[in-house]
Amino acid sequence: MRHAPSRSHGRLGWLLAVYGPLALASSTRRRADLDDATLERGIALLRRALANGPLSRSALLARLAADGLALDPTSDAPVVLLVAAAHRGVIALAPGAGRTPTVILLDDWATVERAPRREAALGELARRYLRAFGPARAEDFAARSRLPSHDVRAGWEAIGGGIVEVTADGRPAWLLDRPDVEEGPPVVRLLPAFDTDLLGYRERSIAAEHAGKVKAAA
C-alpha cells in the first residue's frame, strides 16, 4: 500500500539541484563495487522494493538480494547506493524512524517541486544567503555553503542586478537590493553558542572591545 505524501517541501528540489551532484561526485571514489550499470539497476530495484511502503535498511538489502542484487553489508556499496538514490530525490529516511534506519520513497513522504536548472538553484541559494547574512561577500558565501569556487561564482553571478555594494568594516560587501524582510523597529537578538549570526561568515573574529558583549562568560 502506497502512502500519500504528507507534506510539501518547497526547498528540497533546488537544494538537491545544488548539492546532489556534489554528493554523487564525492561518492564515486567509493564505488569500486558499483559500476554505472549496477548503480542504475540498484536504484530501479530500490523503487520496486519500496513500492509498498517503508523498509528498514536490513530488510531493504535483503529484498535487493532476493531480486538478484546482493551487496556486501560490510562494504561501502550499500551506502553508495542509498546516497546516490537519496541525492537523486528517489528515497528518504522515513519520519520517526528512530535509531533504526528506515527508508521510504521520497514521493511517498513529500511533494517535491521539480528541480530547477542548477545555475538557477545556485542563484537561489546565494540570494537566500544574502537575505539572511548580508552585508556579506562571496568568500563568506563560500565558507557557509561549502561549495567549490566555480559554483560560488555561478551563484553570485546568477543574482545579477539584485544586489548592491556597500562598505562593511572598510571593505566592499553586498546586500540584496530589495531584501525580503518586514520593516519595523530594531530587534535585539541574544545569540547562543554556535549561532549562525556568528558562524555564517568566513571571518568570525570579534574586536576585543566587543568580544565580552557577544561572548559573555558563563
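These notes cover the structure that comes with them.

Cut-offs applied
Residues numbered from 1 in each chain as written. Predicted model: local features only at pLDDT ≥ 70, side-chain atom pairs only at ≥ 80, totals over all residues. Heavy atoms only, no water. Core = buried A, V, L, I, M, F, W, Y, C linked by side-chain atoms within 4.5 Å. Buried < 20%, exposed > 50% of the residue type's maximum accessible area, 1.4 Å probe, protein only. Helix = DSSP H or I, 4+ residues; strand = E, 2+ residues; numbered from the N terminus. Contact = heavy atoms within 4.5 Å. Arc of directions from axis to C-beta. Pairing = 2+ DSSP bridges. Axes fitted to C-alpha atoms, helices over the stretch in contact; angles between N-to-C directions. Parallel < 35°, antiparallel > 145°, perpendicular 65-115°, else oblique. Nonpolar A, V, L, I, M, F, W, Y, C, P; charged D, E, K, R; others polar. Phe/Tyr/Trp six-rings, centres within 6.5 Å; stacked < 30°, edge-to-face > 60°.

**Some words on the nonpolar core**
Right, on to step 1. Of all hydrophobic cores here, the largest spans 23 residues; its most connected members are Leu60, Leu71, Leu81 and Ile91.
Right, on to step 2. Secondary structure elements with two or more residues in this core: α2 (36-49), α3 (57-66), α4 (77-87) and β4 (102-105).
Right, on to step 3. With 6 residues, the single largest contributor to this core is α4.
Right, on to step 4. Not counting chain neighbours up to four residues away, the residues in contact with Leu71 comprise Leu34, Leu61, Leu64, Ala77, Pro78 and Leu81.

**A short note on helix α8 (residues 149-159)**
Right, on to step 1. Regarding α8, the residues found buried are Asp151, Val152, Gly155, Trp156 and Ile159. Viewed along the axis of α8, the buried residues span an arc of 130 degrees, placing them on a single side of the element.
Right, on to step 2. Gly160 sits one or two positions beyond α8 and adopts a positive phi of about 65 degrees.

**Examining the pairing of strand β7 (residues 171-176)**
Right, on to step 1. As judged from the 6 bridges shared by strand β6 (residues 163-168) and β7, these two strands associate in the antiparallel manner. In the sheet register, Thr167 faces β7, and the bridge partner there is Pro172.
Right, on to step 2. In this antiparallel pair of consecutive strands, β6 and β7, the connection spans 2 residues, and Asp169 shows a positive phi of 55 degrees.

**A look at the packing of helix α6 (residues 118-133) against α8**
Right, on to step 1. In the contact formed by α6 and α8, the axes pass within 7 Å of each other and the chain directions differ by 75 degrees. With respect to α8, the axis of α6 lies roughly perpendicular. When α6 is examined against α8, the residues Arg118, Glu119, Leu122, Gly123, Ala126, Arg127 and Leu130 are found in contact with a partner set consisting of Asp151, Ala154, Gly155, Trp156, Ala158 and Ile159.
Right, on to step 2. Its residues assigned to classes, the contact of α6 with α8 shows 7 nonpolar, 2 polar and 4 charged.

**Let's talk about the sheet that holds β4**
Right, on to step 1. Pairing within the open sheet is antiparallel, and its 3 strands lie in the order β2-β4-β3. Whereas interior strands pair on both sides, the edge strands pair on one side only; in this sheet they are β2 (55-56) and β3 (91-93).
Right, on to step 2. With 2 bridges connecting them, β2 and β4 associate as antiparallel partners. The partner of Ser56 across the bridge, within β4, is Thr102.

**Overview of the packing of aromatic side chains**
We describe a pair of aromatic rings using the distance from one ring centre to the other and the angle between the two ring planes.
Right, on to step 1. A complete count under the given rule lists 3 aromatic pairs for this structure.
Right, on to step 2. Where Phe141 meets Trp156, the ring centres are 6.0 Å apart and the plane angle is 35 degrees; that geometry is what we call tilted. Pair noted here: Phe141 is in helix α7 (residues 138-145) and Trp156 is in helix α8, with a separation of 15 residues, a long-range link.
Right, on to step 3. According to the relative accessible area criterion, Phe141 is buried, its value standing at 2%.
Right, on to step 4. Looking at Trp156, the relative accessible area reads 13%, which means it is buried.
Right, on to step 5. Taken together, the ring pairs in this structure connect Tyr129, Phe133, Phe141 and Trp156 into an aromatic cluster.

In short, geometric facts, not functional conclusions.
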